[in-house]
Amino acid sequence: MTLTYELSEIDRIAVQILSEVKSKTLLFYGDMGAGKTTLIKALVKALGASDLASSPTFSLVNEYQTDEGKIFHFDFYRIEDEMEALDMGIEDYLNLDTWKFIEWPQKIEKLLDEDVQKLEVLTLNEGTRMLNFC
(Lines give C-alpha, C1' and ligand atoms only; values in the text may rest on other atoms or scores of the structure.)
Protein backbone atom coordinates (compact mmCIF):
# COMPACT_ATOMS: atom_id res chain seq x y z
CA MET A 1 0.00 0.00 0.00
CA THR A 2 1.13 3.55 -0.70
CA LEU A 3 -0.12 6.78 0.90
CA THR A 4 0.69 10.26 -0.34
CA TYR A 5 0.07 13.04 2.15
CA GLU A 6 0.67 16.68 2.92
CA LEU A 7 2.47 17.40 6.20
CA SER A 8 -0.65 19.27 7.32
CA GLU A 9 -2.51 15.92 7.18
CA ILE A 10 -0.02 14.00 9.32
CA ASP A 11 -2.32 13.49 12.31
CA ARG A 12 -4.97 11.89 10.10
CA ILE A 13 -2.34 9.78 8.35
CA ALA A 14 -0.98 8.56 11.71
CA VAL A 15 -4.42 7.25 12.69
CA GLN A 16 -4.75 5.54 9.30
CA ILE A 17 -1.31 3.93 9.62
CA LEU A 18 -2.16 2.51 13.05
CA SER A 19 -5.31 0.93 11.63
CA GLU A 20 -3.46 -0.60 8.65
CA VAL A 21 -0.19 -1.99 10.06
CA LYS A 22 0.24 -5.71 10.65
CA SER A 23 2.67 -5.42 13.58
CA LYS A 24 3.40 -3.23 16.60
CA THR A 25 7.04 -3.08 15.48
CA LEU A 26 7.31 -0.43 12.78
CA LEU A 27 10.56 0.03 10.87
CA PHE A 28 11.05 3.45 9.29
CA TYR A 29 13.26 3.74 6.21
CA GLY A 30 14.04 6.95 4.40
CA ASP A 31 16.70 9.55 3.78
CA MET A 32 17.78 12.02 6.43
CA GLY A 33 15.13 14.72 6.60
CA ALA A 34 12.42 12.64 4.89
CA GLY A 35 10.10 13.00 7.88
CA LYS A 36 10.50 9.75 9.79
CA THR A 37 10.68 11.44 13.20
CA THR A 38 7.83 13.81 12.33
CA LEU A 39 5.65 10.84 11.42
CA ILE A 40 6.63 8.99 14.60
CA LYS A 41 5.71 12.06 16.67
CA ALA A 42 2.24 11.96 15.11
CA LEU A 43 1.94 8.22 15.79
CA VAL A 44 2.92 8.68 19.45
CA LYS A 45 0.32 11.44 19.74
CA ALA A 46 -2.34 9.29 18.02
CA LEU A 47 -1.67 6.50 20.53
CA GLY A 48 -2.46 8.90 23.36
CA ALA A 49 0.92 9.70 24.87
CA SER A 50 0.84 12.88 26.90
CA ASP A 51 4.53 13.64 26.26
CA LEU A 52 5.63 15.28 23.06
CA ALA A 53 7.83 12.84 21.14
CA SER A 54 11.34 13.84 20.13
CA SER A 55 14.23 12.19 18.34
CA PRO A 56 16.29 9.79 20.45
CA THR A 57 19.33 10.24 18.20
CA PHE A 58 21.79 10.54 21.08
CA SER A 59 20.02 8.40 23.69
CA LEU A 60 19.07 5.67 21.14
CA VAL A 61 15.64 5.15 22.74
CA ASN A 62 12.83 7.31 24.12
CA GLU A 63 9.96 5.88 26.12
CA TYR A 64 6.42 7.24 26.17
CA GLN A 65 3.52 6.17 28.37
CA THR A 66 -0.10 5.83 27.25
CA ASP A 67 -3.19 4.42 28.95
CA GLU A 68 -2.63 1.29 26.83
CA GLY A 69 1.04 0.84 27.77
CA LYS A 70 4.47 2.00 26.72
CA ILE A 71 5.78 3.10 23.35
CA PHE A 72 9.48 2.86 22.49
CA HIS A 73 11.06 5.05 19.80
CA PHE A 74 14.53 4.01 18.64
CA ASP A 75 16.97 5.89 16.42
CA PHE A 76 19.98 3.83 15.37
CA TYR A 77 21.48 6.39 12.97
CA ARG A 78 24.60 6.90 15.10
CA ILE A 79 25.44 3.31 15.99
CA GLU A 80 28.43 1.69 14.32
CA ASP A 81 27.35 -1.95 14.59
CA GLU A 82 24.74 -4.30 16.04
CA MET A 83 26.79 -4.81 19.21
CA GLU A 84 25.90 -1.29 20.33
CA ALA A 85 22.21 -2.18 20.05
CA LEU A 86 22.78 -5.43 21.92
CA ASP A 87 24.69 -3.57 24.64
CA MET A 88 21.74 -1.23 25.19
CA GLY A 89 19.39 -4.20 25.56
CA ILE A 90 17.55 -4.13 22.23
CA GLU A 91 16.60 -7.80 22.54
CA ASP A 92 14.68 -7.11 25.75
CA TYR A 93 12.76 -4.28 24.09
CA LEU A 94 11.97 -6.36 21.00
CA ASN A 95 10.44 -9.10 23.12
CA LEU A 96 7.91 -6.71 24.68
CA ASP A 97 4.34 -6.68 23.40
CA THR A 98 4.20 -2.93 22.94
CA TRP A 99 4.57 -0.37 20.17
CA LYS A 100 8.13 -0.02 18.88
CA PHE A 101 9.07 2.59 16.28
CA ILE A 102 12.57 2.09 14.85
CA GLU A 103 14.44 4.60 12.70
CA TRP A 104 17.45 3.39 10.69
CA PRO A 105 16.52 -0.30 11.22
CA GLN A 106 18.98 -1.37 8.52
CA LYS A 107 21.68 -0.97 11.20
CA ILE A 108 20.15 -3.81 13.28
CA GLU A 109 18.29 -5.86 10.67
CA LYS A 110 19.84 -9.18 11.70
CA LEU A 111 18.37 -8.73 15.19
CA LEU A 112 14.79 -8.21 14.02
CA ASP A 113 12.00 -10.79 13.76
CA GLU A 114 9.92 -11.25 10.66
CA ASP A 115 6.88 -9.92 12.53
CA VAL A 116 7.51 -6.27 11.64
CA GLN A 117 5.96 -3.64 9.41
CA LYS A 118 8.39 -1.83 7.13
CA LEU A 119 7.52 1.73 6.14
CA GLU A 120 9.48 3.80 3.65
CA VAL A 121 9.10 7.59 3.83
CA LEU A 122 9.93 9.49 0.65
CA THR A 123 10.04 13.25 0.10
CA LEU A 124 8.08 14.33 -2.97
CA ASN A 125 8.48 18.05 -2.31
CA GLU A 126 8.71 20.51 0.60
CA GLY A 127 5.34 19.63 2.11
CA THR A 128 4.43 16.30 0.51
CA ARG A 129 5.51 12.80 1.48
CA MET A 130 4.89 9.33 0.13
CA LEU A 131 4.67 6.39 2.51
CA ASN A 132 5.18 2.86 1.19
CA PHE A 133 4.13 -0.12 3.29
CA CYS A 134 6.74 -2.74 2.43
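Please refer to the structure higher up on the page.
Keep in mind the model is a prediction, meaning the values are calculated, not measured.

*Asks:* With reference to specific residues and values, describe the overall build of the protein chain.
*Replies:* Tallying secondary structure elements over the protein chain gives four helices and seven strands in all. In sequence order, the secondary structure elements of the protein chain are arranged as β-α-β-α-β-β-α-α-β-β-β. In terms of overall size, the protein chain behaves like a compact globule, its C-alpha atoms giving a radius of gyration of 14 Å where 134 residues would be expected to give roughly 14 Å. Each of the three principal axes of the protein chain carries a C-alpha extent, and together these read 40 × 30 × 25 Å. The buried share of the protein chain, reckoned over its 134 residues, is 49%. Residue pairs at least 24 apart in sequence account for 61% of intrachain contacts in the protein chain once pairs closer than 6 positions are excluded. A total of about 7,200 Å² of accessible surface is found on the protein chain, and carbon and sulfur atoms cover 46% of it. On the protein chain, the mean spot of the 13 positive side-chain charges and the mean spot of the 25 negative ones are 3 Å from each other.

*Asks:* Could you give an account of a negative patch on the surface, with specific residues and numbers?
*Replies:* Taken together, the side chains of Glu80, Asp81, Glu84 and Asp87 present a region of like negative charge at the surface. Topologically, Glu80 is positioned in the loop between strand 4 (69-75) and helix 3 (82-87).

*Asks:* Provide a residue-level description of the nonpolar core, including the pertinent values.
*Replies:* With 26 residues, the main nonpolar core has Ile17, Leu39, Leu43, Phe101 and Leu131 as its most contacted residues. Those elements giving two or more residues to this core turn out to be strand 1 (2-6), helix 1 (10-20), strand 2 (25-29), helix 2 (36-46), strand 5 (99-103), strand 6 (117-125) and strand 7 (128-133). Those residues in contact with Phe101, other than ones at most four positions away along the chain, are Leu26, Phe28, Ile40, Leu43, Val44, Leu47, Ile71, Phe72, His73 and Phe74.

*Asks:* Tell me what's going on with the sheet that holds strand 3 (residues 61-66), and back it up with residues and numbers.
*Replies:* If you walk across this open sheet you meet the seven strands as 1-7-6-2-5-4-3, and the pairing is mixed. What marks the edges here is a single partner per strand, and that holds for strand 1 and strand 3. For this sheet the average axis-to-axis angle between neighbouring strands, irrespective of direction, equals 20°. Pairing analysis gives four bridges linking strand 2 to strand 6, with the strands arranged parallel. Each residue of the ladder has a partner; that of Leu26, found in strand 6, is Gln117. Lying on the sheet, helix 1 is in contact with strand 1, strand 5, strand 6 and strand 7; it crosses strand 1 at an angle near 160°.

*Asks:* Account for the pattern of salt bridges, naming residues and giving values.
*Replies:* Here the structure, examined in full by the defined rule, presents four salt bridges. For the salt bridge of Arg12 with Glu9, the shortest nitrogen-to-oxygen distance reads 3.0 Å. With a relative accessible area of 46%, Arg12 lands in the partly exposed category. Since its relative accessible area comes to 28%, Glu9 is described here as partly exposed. The salt bridge involving Lys24 is made with Asp97; its shortest N-O contact spans 3.9 Å. Here Lys24, found in the loop between helix 1 and strand 2, pairs with Asp97, found in the loop between helix 4 (90-94) and strand 5; they are 73 residues apart in sequence, far enough to count as distant.

*Asks:* Quick rundown of the environment of Leu86? Include the residues and the values.
*Replies:* Locating Leu86 in the fold gives a position in helix 3. Of the residues examined, Leu86 reaches a relative accessible area of 30% and is grouped as partly exposed. If sequence neighbours within four positions are ignored, Leu86 has contacts with Glu91 and Leu111.

*Asks:* I'd like a rundown of the packing of helix 1 against helix 2, residues and numbers included.
*Replies:* Their axes nearest at 8 Å, the elements helix 1 and helix 2 cross at an angle of 70°. When the axes of helix 1 and helix 2 are compared, the pair comes out roughly perpendicular. Residues Ile10, Asp11, Ile13, Ala14, Val15, Ile17 and Leu18 of helix 1 lie in contact with helix 2, whose contacting residues are Thr38, Leu39, Ala42, Leu43, Lys45 and Ala46.

Conventions we followed
Residues numbered from 1 in each chain as written. Predicted model: local features only at pLDDT ≥ 70, side-chain atom pairs only at ≥ 80, totals over all residues. Heavy atoms only, no water. Helix = DSSP H or I, 4+ residues; strand = E, 2+ residues; numbered from the N terminus. Rg over C-alpha atoms; globule rule 2.2 N^0.38 Å. Buried < 20%, exposed > 50% of the residue type's maximum accessible area, 1.4 Å probe, protein only. Contact = heavy atoms within 4.5 Å. Areas by Shrake-Rupley, 256 points an atom, 1.4 Å probe, with all protein chains shown as cover. Lys, Arg positive; Asp, Glu negative; His and termini not counted. Charge placed at Lys NZ, Arg CZ, Asp CG, Glu CD. Patch = residues over 30% accessible without salt bridge, like charges linked within 9 Å, V, L, I, M, F, W, Y side chains within 5 Å. Salt bridge = Lys/Arg side-chain N within 4 Å of Asp/Glu carboxyl O. Core = buried A, V, L, I, M, F, W, Y, C linked by side-chain atoms within 4.5 Å. Pairing = 2+ DSSP bridges. Axes fitted to C-alpha atoms, helices over the stretch in contact; angles between N-to-C directions. Parallel < 35°, antiparallel > 145°, perpendicular 65-115°, else oblique.

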